[in-house]
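Residue strings, one per chain:
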Amino acid sequence: HKKLSDAKQLIELKQKADTNAKIGTEFLKANAQKNGVQTTKSGLQYQILKQGTGKSPKANSVVKVNYEGRLIDGTVFDSSIARNQPAEFQVSQVIQGWTEGIPYFNEGGEGILLIPYQLGYGINNYNGIPGGSALVFDIKLLKVN
């Protein structure tokens, strides 16, 4: 019966992921109407809340960022702010939504990235993030190396 229960679990996970994807799509559609929200060709949304005055990163730049990531229901799944530990990474070595979105910010800038699941962690569960989830990140771009 193990195989049967595994198959049943996979089907349930896929159904949940499909539901999350639909909810995320609706959320992003509504969010796109908000003032100051830009939507790119890929479906990524960004909103600059404070314009930075420094340089803008490229794909090969290493950036220092403070961020908080949450699901659209407000559940925080990761926060460098809570850890009091800014993250440093190369722009091209993170989820697609960040790789595309971070270059819209300038050093010192703050804003929000709203990431459809296709540009996030996809349709599978990942580190406590349910499959199909749209993601919301508050971003402060501290430094571009």
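Before reading on, note that the structure itself is shown above.
All values derive from a computational prediction rather than experimental measurement. (Residues numbered from 1 in each chain as written. Predicted model: local features only at pLDDT ≥ 70, side-chain atom pairs only at ≥ 80, totals over all residues. Heavy atoms only, no water.)

Caption draft 1: Region of interest: the side chain of S79. Secondary-structure assignment places S79 in strand β4 (residues 76-79). Side-chain polar atoms of S79 contact the backbone nitrogen of I81, separated by 3.3 Å. Here the side chain of S79 touches A82 through a polar contact of 2.9 Å, landing on its backbone nitrogen. Excluding residues within four positions of it along the chain, S79 makes contact with Y67 and E68. (Helix = DSSP H or I, 4+ residues; strand = E, 2+ residues; numbered from the N terminus. Polar contact = N/O pair within 3.5 Å; in protein donor to acceptor, adjacent residues only side chain to side chain. Contact = heavy atoms within 4.5 Å.)

Caption draft 2: Layout of the packing of aromatic side chains. All told, the structure shown has seven aromatic pairs when counted by the stated rule. When the ring of Y67 is compared with that of W98, the centres are 5.3 Å apart and the planes differ by 90°; the resulting orientation is edge-to-face. A residue pair is termed long-range when its members are at least 10 positions apart, and Y67 in strand β3 (residues 62-71) and W98 in helix α3 (residues 96-101) qualify at 31 residues. With relative accessibility at 8%, the residue Y67 sits in the buried group. Taking the relative accessible area as the measure of exposure, W98 reaches 5% and is therefore buried. (Phe/Tyr/Trp six-rings, centres within 6.5 Å; stacked < 30°, edge-to-face > 60°. Buried < 20%, exposed > 50% of the residue type's maximum accessible area, 1.4 Å probe, protein only.)

Caption draft 3: Representation of the layout of surface pockets within the structure. Computed from the structure, the largest pocket encloses a volume of approximately 240 Å³. Contributing to the lining of the largest pocket are 13 residues, with Y67, F77, D78, Y121 and F137 lying nearest its centre. Elements with a contribution of two residues or more to the lining of the largest pocket: β4 and β5 (87-90). Residue composition of the lining of the largest pocket, by class: 11 nonpolar, one polar and one charged. (1 Å grid on protein atoms, 1.4 Å probe; cavity = no way out; pocket = protein on both sides within 12 Å on 5 of 7 lines; lining within 4 Å. Points joined across faces, edges and corners; volume = space filled by probe spheres on them. Nonpolar A, V, L, I, M, F, W, Y, C, P; charged D, E, K, R; others polar.)

Caption draft 4: Looking closely at the environment of Q96. Looking at the secondary structure, you find Q96 in helix α3. Taking C-alpha positions, Q96 is 9.4 Å from L44, a pair spaced 52 residues apart along the chain. When neighbours within four sequence positions are excluded, Q96 is seen to be in contact with Q118 and L119.

Caption draft 5: A look at the environment of P116. Mapped onto the fold, P116 is located in the loop between β6 (110-115) and β7 (135-144). Given the relative accessible area of 8%, P116 is considered buried. Residues P116 and G24, spaced 92 residues apart in sequence, show a C-alpha to C-alpha distance of 6.9 Å. Setting aside residues no more than four positions away along its own chain, P116 makes contact with L28, S42, G43 and L44.

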